[in-house]
Amino acid sequence: MDCAADYLIAVGSSATASDPLRWMKKWRKATNVIRSCHRLSRLAVLSADILRRTGSYVTIKIHDELDAATATTTAVAGVPSKFSLARDDEDFRCLVKDKRLDCFRRLGGGARIAAKLASGSESGVAGDDGDLLRRREAFGANTYPRRRPKRFWRHVWEALSDVFLIVLLVCAAVSLGFGIKEHGLKDGWYDGVSIFLAVFLVAAVSAVSNHGQAKRFDKLAAASDDVAVTVVRSGGRRQEVSIFDVVVGDVVVLKIGDAVPADGVVLDGHALQVDESSMTGEPHPVHVDAETSPFLCSGVKVIDGYGRMLVTAVGTDTAWGEMMSTITRDNTDPTPLQERLERLTSSIGKVGVAVAVLVFAVLTARHFTGSTKDEQGNPAFDRGHVTFNTVFSGLVSIFQQAVTIIVVAIPEGLPLAVTLTLAFSMKRMVKENALVRTLSACETMGSVTTICTDKTGTLTLNQMKVTEFWVGTDRVKSVAATIDAGVVGLLCQGAGLNTTGSVYVPDNMSQPEISGSPTEKALLSWAVAELGMDAEKLKRTAKVLHVEAFNSDKKRSGVLVKDNATGAVTAHWKGAAEMVLARCSAYVCSDGATRELGVERRKNLEKVISDMAAGSLRCIAFAYKQADGSEHTTTTTTKIDDEELTLLGLVGLKDPCRPEVKAAIEACTKAGVDVKMVTGDNVLTARAIAKECGIISEHDRTGIVIEGQQFRAMSVDEQLEIVDRIRVMARSLPMDKLVLVQRLKQKGHVVAVTGDGTNDAPALKEADVGLSMGIQGTEVAKESSDIVIMNDNFDTVVTATRWGRCVFNNIQKFIQFQLTVNVAALVINFVSALTSGKMPLTTVQLLWVNLIMDTMGALALATDKPTKALMRRPPIGRTAPLISNAMWRNLAAQAAFQVAVLLTLQYRGRDIFGISEKVNDTMIFNAFVLCQVFNEFNAREIEKKNVFAGVLQNKMFLGIIAVTIAMQVVMVELLTRFAGTQRLGLAQWGVCVAIAALSWPIGWAVKFIPVPDRTLHEIVATRKFF
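Note that this is a predicted model, so its numbers are computed, not measured.

Caption draft 1: The arrangement of the confidence of the model for the protein chain in detail. In the predicted model, the protein chain carries a mean pLDDT of 81, and the fraction of residues at 70 or more is 83%. Confidence drops under a pLDDT of 50 for residues 1–18, and excluding neighbours within four residues, the segment shows 16 contacts in the predicted structure.

Caption draft 2: Local environment of the environment of Val 247. Note on placement: Val 247 falls in the loop between strand E2 (237–242) and strand E3 (251–254). Distance in space between the C-alpha atoms of Val 247 and Arg 136 is 6.6 Å, their sequence separation being 111 residues. Those residues within four positions of Val 247 in sequence are excluded, and the remaining contacts are Leu 132, Arg 135, Arg 136, Arg 233, Val 311 and Val 314.

Caption draft 3: View of unusual backbone geometry. With a phi angle near 50°, Lys 99 is a residue other than glycine that sits in the positive phi range. Residue placement: Lys 99 occurs in the loop between helix H3 (90–93) and helix H4 (101–106). The partly exposed category is assigned to Lys 99, whose relative accessible area is 38%. Of note, the phi angle at Glu 644 is positive, near 55°, even though the residue is not glycine. Relative to the elements of secondary structure, Glu 644 occurs in the loop between strand E19 (617–627) and strand E20 (645–654).

Caption draft 4: Quick look at the side chain of Ser 732. Residue position: Ser 732 is located in the loop between strand E23 (726–730) and helix H26 (734–746). Contact partners of Ser 732, with chain neighbours within four places excluded, come to Lys 555, Val 678, Thr 679, Gly 680 and Gly 708.

Caption draft 5: Up close: the UniProt feature "transmembrane region" (unreviewed entry) in the protein chain. According to UniProt, the "transmembrane region" (unreviewed entry) feature falls on residues 156–180, 192–209, 348–368, 398–424, 814–834, 846–863, 957–980 and 986–1006. With 100% helix and 0% strand, the stretch residues 348–368 has end C-alpha atoms that lie 30 Å from each other. End C-alpha to end C-alpha, residues 814–834 measures 30 Å, and it is 100% helix and 0% strand.

Caption draft 6: The nonpolar core, seen in detail. Ile 695, Ile 787, Phe 794, Ile 815 and Phe 928 are the most contacted members of the largest nonpolar core, which totals 142 residues. Ranked by the residues each element gives to this core, the list is headed by helix H29 (residues 794–836), at 19 residues. Counting only domains with at least three residues in this core, you end up with domain 2 (335–424 + 802–866 + 882–1017) and domain 3 (434–461 + 658–792). Ile 113, Val 227, Val 252 and Met 309 belong to the second largest nonpolar core, which has 40 residues in total.

Caption draft 7: Here's a closer look at a positive patch on the surface. Where like charges cluster on the molecular surface, the positive patch consists of Lys 219, Lys 427, Lys 431 and Lys 865. Note that Lys 427 resides in helix H14 (residues 413–431).

Caption draft 8: Inspection of empty space enclosed by the protein at higher detail. Scanning the model with the defined rule gives 5 cavities of 30 Å³ or more in all. Taken as a whole, the largest cavity holds about 50 Å³ of empty space. Along the walls of the largest cavity sit Ala 198, Leu 201, Val 202, Val 844, Leu 847, Trp 848, Leu 851, Met 971 and Phe 978, which together make up its complete lining. Elements represented by at least two residues in the lining of the largest cavity include exactly helix H9 (190–225) and helix H30 (843–861). Classifying every residue of the lining of the largest cavity gives 9 nonpolar, no polar and no charged.

Caption draft 9: Up close: the pairing of E2. Relative to E2, strand E1 (residues 228–233) runs antiparallel, the two being bridged by 6 bridges. Across the sheet, the residue bridging to Val 232 is Arg 238, located in E2. Between the antiparallel neighbours E1 and E2 lie 3 residues, among them Ser 234 with a positive phi of about 55°.

Caption draft 10: Quick look at the pattern of salt bridges. Scanning all chains against the criterion turns up 35 salt bridges. Notably, a salt bridge pairs Asp 681 with Lys 455, separated by 2.8 Å at the nearest N-O pair. Pair noted here: Asp 681 is in the loop between strand E21 (674–678) and helix H23 (683–693) and Lys 455 is in the loop between strand E9 (450–453) and strand E10 (465–471), with a separation of 226 residues, a long-range link. Comparing Asp 681 with Lys 455 shows no difference in burial state: the two are buried. In this structure, Arg 475 and Glu 468 form a salt bridge, with 3.9 Å as the shortest nitrogen-oxygen distance. Residue class for Arg 475 comes out partly exposed when judged on its relative accessible area of 39%. We classify Glu 468 as buried; its relative accessible area is 16%. One salt-bridge network, in which partners are shared between bridges, spans Arg 556, Arg 583, Lys 639, Asp 642 and Glu 643.

Criteria and thresholds
- Residues numbered from 1 in each chain as written.
- Predicted model: local features only at pLDDT ≥ 70, side-chain atom pairs only at ≥ 80, totals over all residues.
- Heavy atoms only, no water.
- pLDDT = per-residue confidence, 0-100.
- Contact = heavy atoms within 4.5 Å.
- Helix = DSSP H or I, 4+ residues; strand = E, 2+ residues; numbered from the N terminus.
- Buried < 20%, exposed > 50% of the residue type's maximum accessible area, 1.4 Å probe, protein only.
- UniProt positions renumbered as here; feature names shortened; annotations may be inferred.
- Core = buried A, V, L, I, M, F, W, Y, C linked by side-chain atoms within 4.5 Å.
- Domains from an automatic or database assignment.
- Patch = residues over 30% accessible without salt bridge, like charges linked within 9 Å, V, L, I, M, F, W, Y side chains within 5 Å.
- Areas by Shrake-Rupley, 256 points an atom, 1.4 Å probe, with all protein chains shown as cover.
- Salt bridge = Lys/Arg side-chain N within 4 Å of Asp/Glu carboxyl O.
- Lys, Arg positive; Asp, Glu negative; His and termini not counted.
- Charge placed at Lys NZ, Arg CZ, Asp CG, Glu CD.
- 1 Å grid on protein atoms, 1.4 Å probe; cavity = no way out; pocket = protein on both sides within 12 Å on 5 of 7 lines; lining within 4 Å.
- Points joined across faces, edges and corners; volume = space filled by probe spheres on them.
- Nonpolar A, V, L, I, M, F, W, Y, C, P; charged D, E, K, R; others polar.
- Pairing = 2+ DSSP bridges.

See below:
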C-alpha cells in the first residue's frame, strides 16, 4: 500500500486544472495500483491452496512475510540476529543444569525462549555464516577444552627416562671427566661426548616417532568424537551438521538412539524417553515432554520416541561440558598384544642382564689380572702402578660396556613397533571407511573366526524403492486410475504422519527434499510421487495425538491422528507385513469398500507377502482403525489400540545386494571366517538375500536358516549344538543376537558383530569386536562399538579383518628381525669377552646398532600394507604364540650365520685380509650392520621364499634402508673419531657387502626346511613317554 500512497502524492502534486484528461488518466492508474495491492494481499492469505499439482499444473506457494506462526521467531538470513536473552542471565543460565521449571515458565516456554534467541520453533535459526558467528560470540561454541598434547621435548624427556640410558649418561659423564683429566681437554673429550651424542640421537629418533604417533592418535580420537546431528535451519529445512557446529537457538531433531548434543528444552515430541545414567548414574528411563519435564542435558541418550529440542546452552556452559573439561582423556591402557610384548621384552631383558653381569665379571677379572691388552699389545692395567684413577676409570669403562649390552639386548623397539603398526593401520583404515574407537580392536580383528552381520545397508545398498503395491488382493499399477480417493487419503495419513522422516519443498520449482531412514525415505517418496501426498497440507489438516515409535521388538509403529475438520480420530499402524496382518480383521478394496478378512482371503494375502519376500522384497503393511474421539481428548494416551485393524495396503521395497559383497563373503570363507546374517526381516526375504550374497550355497549341506523365535525356544545345550551351523537368523530380536554371540564365544569363537540400533548395544559390547554402522547407526550403537564402519558396507568389515591380520603379521616380522640382532650381538660380545677380554663393538657402535634394530627397524617392518595372502590363512588364535616355529627356524639360521662370520673376522680377519686391528674392528662393525640391512628384506616374509614381492610399493621400507646405508657410510667414513672406526677401502667395503648379501640365499634355502604347526610345548605335552 505504500507504493499506492506515494503514487497518489505524486499525482496530487503534478495534476493541474488546465489538463483535466491527463489528471483523470493518472487517477485511473492509481486506482488500478490500489486494486492490485488488494489482490496480492488476498493471494497471500490464500497461501498454498491456489493450484493443486496435476498433470499440467504446478502448485504455487505464496506466504505472508508476517505469518503469525513465524513472524516473531524467524531470523532472516543476512539480517543481524537480536537476542533478548544473554548468556549470563540468571534464569537462562541455570535453566537446564538446575532443571528450573519456574524459570522455564517465567521465560514463556519453549516457543517464547526460541523467539528470544532469534530462532523459530518451526523454522530454526537462519543458518548463514554471519548468524552462526554471532551466536558463537554471544553464547560460545559447542566444544570444551581438551588436554594439551605432549610437546616434542616431553617425548624426548620420556625417552631419556629409560634407566639404562640414564646409567649410560652417568658413565659418559665419568668417562668425560677422566678423559679430560688424563689426556687433556683437546683429546680427552671424545669418548664421553661420543656416548652423550649417541644416547641423545637414540632418544631423539624415538621421540620423533612417538610424537608423530601421538599426533595421529589425537587426530583419530577427534574424528571419533565428531558426530552428525540433524537440525532445522534456513526456514524449516532439515540438515545434518557436525556436533561441534551446533549453536544456541538450533532446533535439533531427536530419535531413538541419538545422543543429545547440547543442553536444551523439548519443543514437541511423542513418547520421548531418555537415559540419564551418564549424568546421574540412575539407569531408569526418564520421560520428557514440552510441559512438565522439558529439560534435556547434553550427553543423555534417547531410548524411545522422537521429538525436537531447542538448544539453550553449548560447550562448557552445559553440565556435560563442565564435567568433560575437568577430565583428561589420556587412554594409556595397553592392548592385549602390547601386554604380551611387554612380557616378552621383560624375558629377553633378563637374559640380557644375565649376559651383561657375566661379561662384567669376566672383563673385570681379565682387566685387573693383566690379561687384557691395549692397542700396542701391552697390559691395559699396570699392576705395578695402581692408583684410584686407573682402577675407577677401568671399572667405569667395563661397566659402561656391560650396560650397553643390556641396552642392546632389551628390545624396547617392540612396544614402539606395536604403536607404529597400530597407528599406521588405524590411519589407513580410516581412509578405507573404518574408524577405530578402541585400539585393541585393530589386533583382535585378526583373530576373528565368526562375523554376525546385519542385512540392510551392510549386505545391501540401503537404497530402498517401492516396487510393488497391493490393495486387498489386487496389485495396483496406477493409483490415480484405480484407487478410491478415501483410501488414498488414509494411505497418505499412514505414510506421512506415521513417520520419523520429513518432506521439505524449498521452492515452487524444486523437487521435494526427503529425509529419514532409508525405509521412511522410500515410503515418503512413493507417497509423494504415486499418491500425490502434500505433506504441508497433511500437517495442517490433522493433528498427531500420540505416537508409538518403531523398535526392533514390536516391528511396527503406530500413530493416533485427529482430523481438524471433522474431529474424527484414527489409529494408523505400519510395520512388518505378517505381524500387522495378524492383527487385522478386515481389509479395504480398491473401490474403498471394507470387507471381512476371512480365512481364504488371509491365505491369499499371506501368499502375496511370501511371494514378495521370496523375491527379496521387504514387505510393509499399512492398517488403520477408527477410534472413539471422546477417549482421546488429550495427548496423554499411553497405548494405541492395535487390535481388529483394517488392512489398507501392502508395499514391497527392493534393496539390492551390494555388488562387491559376494566377493567379500567368498574371501571370508577362504580365510576361515564364518559369516552369519542376523536380520529382523521375514525368513523368506532373508533366505533370498543370503543366497544372492553367497552366505548360503548349494554345496553347504549342514547350514541352517532359523527364526529368532525358534532359537529362543531352545535350551542352552540345543543352542550350543546348532550354533556353528546357523547361517541365517531371521525375525530376530536384539536379545537373540546377544545370545548367539554368547553361545559362539562359549564354543571358542572370536566374534565380530555389526549393529546399528540402540538395542544392538548389548551384543556389540558382548562381542570381541563390535562394529557399528556410521550412516544408519545410532549414537548409542556407535558408543558401544569398537570400530565404526563409516560407509555401512560389509566389504569394509572384511578390510578391517585384513588389517587386523596385518597388525599381527607386522609385529611377527619385527620380532624375528630384532631377536636375530639380539642373539647375534649377545653371543658375539659374550664369546669375545671370554676369549679376548674385550668386545669387538664399542659403546657408540652398539648404540647405533640399537637405533637400527629398534626405531629404524620398527619403521621399516611395522608399516607394511596387508597382502591378499593374509586372507588365505586361517584366523590367528587367541593364544597364538608370538614367535612361531617358522620364525625360530629363520632367526636361528640368520643368527648362526652372523655369529660364525663375525667371530671368524674377530679371530682370523687380520691374518686373512692383512689389515690392522682397528680396520678389522671396523670391518666387523660394518659387516654386522650391513647384515641387519640385508636381513630386513628376509624379515618381510616369514613363510614365503620371495622376500622382494611388493617391496617397490613400500616407500617407507625403501626409505629406511636408504637412510640406514647412508648413515652407515657416514659413520665409517666421516665420523671416525665419534664412532671409533677407520676408513675402509673399496675392496674392504665389497667384502662387507658380500658377507651381508649371503643372508639372502641362506634365508631362501632355510625355508625349505619344514617345521610343525604345533609349538614345542604342545608337542611335548601330547607326547607319551614310556
